[in-house]
Amino acid sequence: MKLKATVSRDACKARKAHFNAPSHLRAKIMSATLSKDLRAKYSVREIPIRVDDEVMIMRGNFKEREGKVTQCYRKKWRIHIESVTRDKVNGQTVPVGIHPSKVVITK
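Described in the following lines is the structure provided in the data block. Note that the structure is a prediction, hence the values are computed from the model and not measured. (Residues numbered from 1 in each chain as written. Predicted model: local features only at pLDDT ≥ 70, side-chain atom pairs only at ≥ 80, totals over all residues. Heavy atoms only, no water.)

Section: the sheet that holds strand S3 (residues 54-57)
Now for step 1: In space, the seven strands of this open sheet follow the order S2-S1-S7-S3-S4-S5-S6, with mixed pairing throughout. The open sheet has two free edges, formed respectively by strand S2 (46-48) and strand S6 (93-98), since each of these has just one partner strand. Direction aside, the axes of adjacent strands within the sheet are offset by 50° on average.
Now for step 2: Relative to strand S4 (residues 66-73), S3 runs antiparallel, the two sharing three bridges. Bridged to valine 55 within S4 is glycine 67. (Pairing = 2+ DSSP bridges. Helix = DSSP H or I, 4+ residues; strand = E, 2+ residues; numbered from the N terminus. Axes fitted to C-alpha atoms, helices over the stretch in contact; angles between N-to-C directions.)

Next up, the structure:
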(Lines give C-alpha, C1' and ligand atoms only; values in the text may rest on other atoms or scores of the structure.)
Protein backbone atom coordinates (compact mmCIF):
# COMPACT_ATOMS: atom_id res chain seq x y z
CA MET A 1 0.00 0.00 0.00
CA LYS A 2 1.32 3.42 -0.93
CA LEU A 3 1.76 5.99 1.80
CA LYS A 4 1.73 9.00 -0.54
CA ALA A 5 -0.03 9.13 -3.88
CA THR A 6 2.42 11.69 -5.26
CA VAL A 7 5.62 9.73 -4.55
CA SER A 8 6.61 6.67 -6.55
CA ARG A 9 8.64 3.76 -5.19
CA ASP A 10 9.80 2.82 -8.69
CA ALA A 11 13.62 3.01 -8.77
CA CYS A 12 13.64 4.20 -12.37
CA LYS A 13 11.35 7.12 -11.56
CA ALA A 14 13.31 7.95 -8.39
CA ARG A 15 16.59 8.15 -10.33
CA LYS A 16 14.96 10.27 -13.01
CA ALA A 17 13.57 12.67 -10.41
CA HIS A 18 16.97 12.88 -8.68
CA PHE A 19 19.09 13.55 -11.76
CA ASN A 20 16.57 15.90 -13.39
CA ALA A 21 15.99 17.90 -10.20
CA PRO A 22 15.92 21.70 -10.57
CA SER A 23 18.67 23.83 -9.04
CA HIS A 24 16.77 24.83 -5.89
CA LEU A 25 16.16 21.17 -5.02
CA ARG A 26 19.75 20.19 -5.88
CA ALA A 27 20.97 22.66 -3.28
CA LYS A 28 18.98 20.81 -0.63
CA ILE A 29 20.01 17.37 -1.88
CA MET A 30 23.69 18.41 -1.85
CA SER A 31 23.93 18.20 1.94
CA ALA A 32 26.88 17.22 4.09
CA THR A 33 27.03 15.87 7.61
CA LEU A 34 28.16 18.09 10.47
CA SER A 35 31.12 17.31 12.72
CA LYS A 36 30.36 15.84 16.13
CA ASP A 37 30.72 19.13 18.03
CA LEU A 38 28.54 21.06 15.53
CA ARG A 39 25.99 18.24 15.62
CA ALA A 40 25.75 18.56 19.40
CA LYS A 41 25.59 22.37 19.21
CA TYR A 42 22.81 22.63 16.59
CA SER A 43 21.00 19.28 17.14
CA VAL A 44 21.02 18.64 13.38
CA ARG A 45 22.76 15.82 11.52
CA GLU A 46 23.29 17.43 8.11
CA ILE A 47 22.77 20.74 6.33
CA PRO A 48 23.02 21.91 2.71
CA ILE A 49 26.61 22.81 1.87
CA ARG A 50 27.46 26.42 0.96
CA VAL A 51 30.43 28.43 -0.26
CA ASP A 52 32.88 29.39 2.54
CA ASP A 53 32.02 26.36 4.68
CA GLU A 54 35.13 24.66 6.07
CA VAL A 55 35.05 20.94 5.34
CA MET A 56 37.15 17.82 5.84
CA ILE A 57 37.18 15.12 3.17
CA MET A 58 36.43 11.69 4.63
CA ARG A 59 36.64 9.39 1.59
CA GLY A 60 38.68 9.00 -1.58
CA ASN A 61 42.19 10.00 -2.70
CA PHE A 62 42.06 13.32 -0.83
CA LYS A 63 41.01 11.78 2.51
CA GLU A 64 41.79 13.81 5.68
CA ARG A 65 42.33 17.06 3.69
CA GLU A 66 40.70 20.20 5.02
CA GLY A 67 39.77 23.36 3.18
CA LYS A 68 37.17 25.97 2.34
CA VAL A 69 34.42 25.35 -0.21
CA THR A 70 35.08 27.64 -3.18
CA GLN A 71 32.22 26.51 -5.44
CA CYS A 72 29.07 24.38 -5.30
CA TYR A 73 28.68 22.97 -8.80
CA ARG A 74 25.04 21.93 -8.71
CA LYS A 75 24.90 20.86 -12.33
CA LYS A 76 27.52 18.15 -11.72
CA TRP A 77 26.55 17.40 -8.08
CA ARG A 78 30.09 18.35 -6.91
CA ILE A 79 31.81 20.89 -4.69
CA HIS A 80 35.25 22.43 -5.19
CA ILE A 81 37.57 22.86 -2.22
CA GLU A 82 40.45 25.35 -2.27
CA SER A 83 43.26 22.91 -1.33
CA VAL A 84 42.10 20.09 -3.63
CA THR A 85 43.51 20.58 -7.13
CA ARG A 86 45.32 18.59 -9.78
CA ASP A 87 47.74 19.61 -12.51
CA LYS A 88 46.83 19.26 -16.16
CA VAL A 89 49.35 18.19 -18.78
CA ASN A 90 49.85 21.80 -19.90
CA GLY A 91 50.74 22.85 -16.33
CA GLN A 92 47.40 24.47 -15.47
CA THR A 93 45.88 23.60 -12.08
CA VAL A 94 42.19 22.74 -11.93
CA PRO A 95 39.93 22.01 -8.95
CA VAL A 96 38.87 18.42 -8.35
CA GLY A 97 35.15 17.87 -7.81
CA ILE A 98 34.20 16.16 -4.55
CA HIS A 99 30.74 14.78 -3.81
CA PRO A 100 29.21 16.54 -0.79
CA SER A 101 28.29 13.24 0.90
CA LYS A 102 32.01 12.47 1.22
CA VAL A 103 32.83 15.50 3.37
CA VAL A 104 32.10 16.68 6.92
CA ILE A 105 31.40 20.33 7.71
CA THR A 106 33.78 21.49 10.45
CA LYS A 107 32.98 25.24 10.56
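Here the narrative resumes.
Side note on a nonpolar patch on the surface
Now for step 1: Together, Tyr42, Val44 and Ile47 make up an exposed nonpolar region whose accessible area comes to about 250 Å².
Now for step 2: You can see isoleucine 47 is positioned in strand S2. (Patch = residues over 30% accessible without salt bridge, like charges linked within 9 Å, V, L, I, M, F, W, Y side chains within 5 Å. Areas by Shrake-Rupley, 256 points an atom, 1.4 Å probe, with all protein chains shown as cover. Salt bridge = Lys/Arg side-chain N within 4 Å of Asp/Glu carboxyl O.)

Regarding the environment of isoleucine 105
Now for step 1: Note that isoleucine 105 resides in strand S7 (residues 103-105).
Now for step 2: Assessed through its relative accessible area of 2%, isoleucine 105 is described here as buried.
Now for step 3: A C-alpha to C-alpha distance of 9.7 Å links isoleucine 105 and lysine 68, two positions 37 residues apart in sequence.
Now for step 4: In contact with isoleucine 105, other than residues within four places in its own chain, are Ala32, Thr33, Leu34, Ser35, Leu38, Ile47, Ile49, Asp53, Glu54 and Val55. (Buried < 20%, exposed > 50% of the residue type's maximum accessible area, 1.4 Å probe, protein only. Contact = heavy atoms within 4.5 Å.)

Digging into the nonpolar core
Now for step 1: Ranked by internal contacts, the top residues of the largest apolar core, which has 17 residues, are Ile49, Ile79, Ile81, Ile98 and Val103.
Now for step 2: Broken down by secondary-structure element, the contributors of at least two residues to this core are strand S1 (31-34), S3, strand S5 (78-87), S6 and S7.
Now for step 3: Of all the elements, S5 adds the most residues to this core, at three residues.
Now for step 4: If near-sequence neighbours (up to four positions away) are discounted, isoleucine 79 is found in contact with Met30, Ile49, Val69, Gln71, Cys72, Val96, Gly97, Ile98, Pro100 and Val103. (Core = buried A, V, L, I, M, F, W, Y, C linked by side-chain atoms within 4.5 Å.)

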